[in-house]
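# Residue-level structural notes
The lines below spell out each chain.
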Amino acid sequence: MPKFDISEYQKQRPMIQLAPLVDIAFWALMFFMIIAVFNQMEVQVNLTLPKSKTAVQSAQSAGKIVINITKDGRFIVNQKEYSNNSLAVMLQEVSKLFPSQQVIIRADELTYHKYVIQALDACGHANLSDVSFSTLSDENK
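Anyway, here's the lowdown on the structure attached to this text. (Residues numbered from 1 in each chain as written. Predicted model: local features only at pLDDT ≥ 70, side-chain atom pairs only at ≥ 80, totals over all residues. Heavy atoms only, no water.)

## Remarks on the overall build of the chain
Heads up, the condition is: Under the scheme used here, helices are H or I runs from DSSP no shorter than 4 residues and strands are E runs no shorter than 2 residues, and both carry numbers assigned from the N terminus. Throughout, exposure labels follow a simple rule: accessible area from a 1.4 Å probe, protein chains only, divided by the maximum for the residue type, with under 20% read as buried, over 50% as exposed, and the rest as partly exposed. Only heavy atoms enter the contact rule, under which two residues are in contact if any of them lie within 4.5 Å. Using the Shrake-Rupley algorithm and a 1.4 Å probe, accessible areas are obtained, with residue cover drawn only from the displayed protein chains.
Counting its regular elements, the chain contains four helices and seven strands. Shown N-terminal to C-terminal, the secondary structure of the chain runs as helices and strands in the order α-α-β-β-β-β-α-β-α-β-β. When burial is assessed residue by residue, the chain has 29% of its 141 residues classed as buried. Looking at the chain alone, contacts between residues at least 24 apart form 76% of all its contacts between residues at least 6 apart. Total accessible area computed for the chain in this model is approximately 10800 Å², and 59% of it derives from carbon and sulfur atoms.

Here is the structure:
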């Protein structure tokens, strides 16, 4: 009968490799840092959003386009300013690549209605139908 040598058993025990764990932790950290930067981009545009008593939180996709409209009618997307025509061109290009692209319009509460309509027209010409508006919920419900 062959003898069982305990030293051979110890040599064959599975070991946890630290290098792949460090790599995974590094990539997770990078992912969350990038997401945090993109979330901050839209918050840095100084807008006072209108309040709504019936506002409902909608499901948002990761690659949504947020069109910020300032009081004076400037269109800002990803910290880049667009004219009315260049916004329409950009949305048409996005629509070709992603036909069901989600668009969120964030307009200042003092923005003239015509600028919001121009953004809606640009979305309509690009055949983007998943358009929503960003508001703040009214605390006095």
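## Re the environment of Ser-86
Assignment of secondary structure puts Ser-86 in helix 3 (residues 84-97). Residue classification places Ser-86 among the partly exposed residues on the basis of a relative accessible area of 27%. When the C-alpha atoms of Ser-86 and Ala-122 are compared, they prove to be 9.5 Å apart, with 36 residues separating the residues in sequence.

## What to know about the sheet that holds strand 5 (residues 102-107)
The line we're drawing: Only strands that DSSP links by at least two bridges are regarded as paired with each other. Orientation is described by axes fitted as lines to C-alpha atoms, over the contacting stretch for helices, and by angles from 0 to 180 degrees between their N-to-C directions.
The strand order 4-3-2-5-6 describes an open sheet built from five strands, whose pairing is mixed. Across the chains shown, the open sheet's two edge strands, defined by having one partner strand only, are strand 4 (80-82) and strand 6 (130-133). Across the sheet, the axes of successive neighbouring strands diverge by a mean angle of 30 degrees, strand direction being ignored. Sheet analysis places strand 2 (residues 65-69) next to strand 3 (residues 75-77), joined by two bridges and oriented antiparallel. Looking across to strand 3, one finds that Asn-68 is bridged to Ile-76.

## Re the packing of aromatic side chains
The geometry of two aromatic rings is summed up by the distance between their centres and the angle between their planes. Heads up, the condition is: The rule is short: rings of Phe, Tyr and Trp, with Trp giving its six-membered ring, pair when the centres are within 6.5 Å, and they are stacked under 30 degrees, edge-to-face over 60, tilted in between.
Within this structure, the stated rule accounts for three aromatic pairs. A ring pair is formed by Phe-31 and Phe-32, whose centres lie 5.2 Å apart and whose planes are at 75 degrees; its orientation type is edge-to-face. Aromatic side chains Tyr-112 and Tyr-115 sit 6.4 Å apart centroid to centroid with 50 degrees between the ring planes, which places their arrangement in the tilted category. The class for Tyr-112 is exposed, based on a relative accessible area of 57%.

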